[in-house]
Amino acid sequence: MEEDLFMEYVIENDNLIVVINSKGCEITDITNKKNNKKCLWNGNPNAWKRHSPVLFPLIGKYKDNYSIYEGKEYHMGQHGFARDMEFEPVRQTQDEMVMRLVQNEDTLEKYPFKFELECGYKLSDNSIVVSWKVTNTNDKTMYFSIGGHPAFIVPQSELNMELNNTKNAAGCKLLFKKNGHTVDNISYFLLDTNGLVMPEKYSFKLDGGQIKITENFFEKDAYIIEESQADEVSLIDDADNIFVTVQFTAPVFGVWSAAGKKVPFVCIEPWYGRADGIESDNRLENRKWNNILEAGKVFEKSYSITF
């Protein structure tokens, strides 16, 4: 399907205007109405062509790009197929949008389950509540991952969105909290060159819950943070002002930006799942941080973005 055949939908309230594309049910633009500034990366393909994709039914990569289920191999690329498929609208109000995706012949070649996925966006004051609802429409247990990947613009770059003239996120800070309190230490995993999680564990020592983003902070790709170590991550600008906070209950989250490029964004990514580890046996039911959903059951989760 050609790009221009996808539909755009707009929701807004007194504080925010949000544009959602039917391709992937992806937010492609967030504008703060109070100062008319953009909050989301513009999708410049020279750095990263996406804005805030929905990752389903896979986060990251399978080992060797395939999984095994009931003795059959299923091949699927990074982050699954939902982000490139057209969703249909379920309902729209001035400040809310809900869209749906179901399986087809192509998805069943890559992933052995039928499903119904509903993604929703609801505005509340300065916040966007992002919701996911997965229904298992099979007569057997379903295994899947689902996650977010929003890319937030850092404030010092907002006046100039052309890639070659923007600063990166260096000088900004990440702030981690759990249950309303700052975190002293965050442990994390890294990916190898094939996009698989390595077993070595590293850690940040935080100062008041904060760590400064340096020029080479993302040179090793994403930081994968497991075991519900934080439930709130904020980006702080170089004037020490919080400009976006992501709150979630997900047991895993990622922090990422495009390494080696002058990009003015940082992704804060709540995940129910993650990439395979290098030790993976490729069996779909054995994936770490899998979601296991019985036949006919429903999985519902949400997270919020506050500006």
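Please refer to the structure higher up on the page.
Since this is a predicted model, take the numbers as computed values, not measurements.

*Asks:* Tell me what's going on with the overall build of the protein chain, and back it up with residues and numbers.
*Replies:* Scanning the protein chain for helices and strands turns up 1 helix and 26 strands. What you see for the protein chain is a C-alpha radius of gyration of 19 Å, in line with the 19 Å of a compact globule of 307 residues. In terms of its C-alpha atoms, the protein chain occupies a principal-axis envelope of roughly 55 × 45 × 40 Å. Residue burial in the protein chain is summarised as follows: out of 307 residues, 56% are buried.

*Asks:* I'd like a rundown of the sheet that holds strand β3 (residues 26-32), residues and numbers included.
*Replies:* Reading across from one edge, β1-β2-β3-β4 is the order of the 4 strands in this open sheet, with antiparallel pairing throughout. Pairing within the sheet leaves two strands with one partner each, and these edge strands are β1 (8-12) and β4 (37-38). Relative to strand β2 (residues 16-21), β1 is paired through 5 bridges, and the arrangement is antiparallel. In the strand pairing of β2, E8 is matched with N21.

*Asks:* So what's going on with the layout of surface pockets? Residues and values would help.
*Replies:* A volume near 330 Å³ is recorded for the largest pocket. What lines the largest pocket is a set of 19 residues, among which Q78, H79, H149, L191 and D221 lie closest to the centre. Taken together, the residues of the lining of the largest pocket sort by class into 8 nonpolar, 5 polar and 6 charged.

*Asks:* Account for unusual backbone geometry, naming residues and giving values.
*Replies:* Residue P57 is bonded to the preceding F56 through a cis peptide linkage, with omega at -5°. Even without a glycine there, the phi angle at C25 is positive, about 45°. When you line up the elements, C25 lands in the loop between β2 and β3. The backbone of E227 shows a phi angle near 65°, a positive value even though the residue is not glycine. When you line up the elements, E227 lands in the loop between β20 (223-225) and β21 (232-236). The exposed category is assigned to E227, whose relative accessible area is 54%.

*Asks:* Can you break down the nonpolar core residue by residue, with the values?
*Replies:* Grouped together as the largest cluster of nonpolar side chains are 76 residues, with contacts concentrated most on L117, I128, L174 and F176. When residues no more than four places from it in sequence are discounted, the contact partners of I128 are L16, V18, I27, I30, Y121, K122, L123, Y303, S304, I305 and F307. Formed by 10 residues, the second largest nonpolar core is a distinct cluster that contains W41, A47, W48 and F265.

*Asks:* Give me the packing of aromatic side chains: which residues, what numbers.
*Replies:* Given two aromatic rings, their pairing is described by the distance between the two centres and the angle made by the two planes. Using the criterion set out here, one finds 30 aromatic pairs in the structure. Taken together, a centroid distance of 6.0 Å and an interplanar angle of 55° make the contact between F56 and F144 tilted. In this pair, F56 is assigned in the loop between β5 (54-55) and β6 (66-69) and F144 in strand β12 (residues 142-144), connecting sequence segments 88 residues apart. For the pair shown, F56 and F144 are each scored as buried. Through successive ring pairs, a cluster of aromatic residues spans F56, Y69, F81, Y111, F113, F115, W132, Y143, F144, Y272, F299 and Y303. Over the ring of F299 we find K301; its NZ or CZ atom is 5.9 Å from the centre of that ring.

Cut-off values and rules
Residues numbered from 1 in each chain as written. Predicted model: local features only at pLDDT ≥ 70, side-chain atom pairs only at ≥ 80, totals over all residues. Heavy atoms only, no water. Helix = DSSP H or I, 4+ residues; strand = E, 2+ residues; numbered from the N terminus. Rg over C-alpha atoms; globule rule 2.2 N^0.38 Å. Buried < 20%, exposed > 50% of the residue type's maximum accessible area, 1.4 Å probe, protein only. Pairing = 2+ DSSP bridges. 1 Å grid on protein atoms, 1.4 Å probe; cavity = no way out; pocket = protein on both sides within 12 Å on 5 of 7 lines; lining within 4 Å. Points joined across faces, edges and corners; volume = space filled by probe spheres on them. Nonpolar A, V, L, I, M, F, W, Y, C, P; charged D, E, K, R; others polar. Core = buried A, V, L, I, M, F, W, Y, C linked by side-chain atoms within 4.5 Å. Contact = heavy atoms within 4.5 Å. Phe/Tyr/Trp six-rings, centres within 6.5 Å; stacked < 30°, edge-to-face > 60°. Lys NZ or Arg CZ within 6 Å of the ring centre and 35° of its normal.

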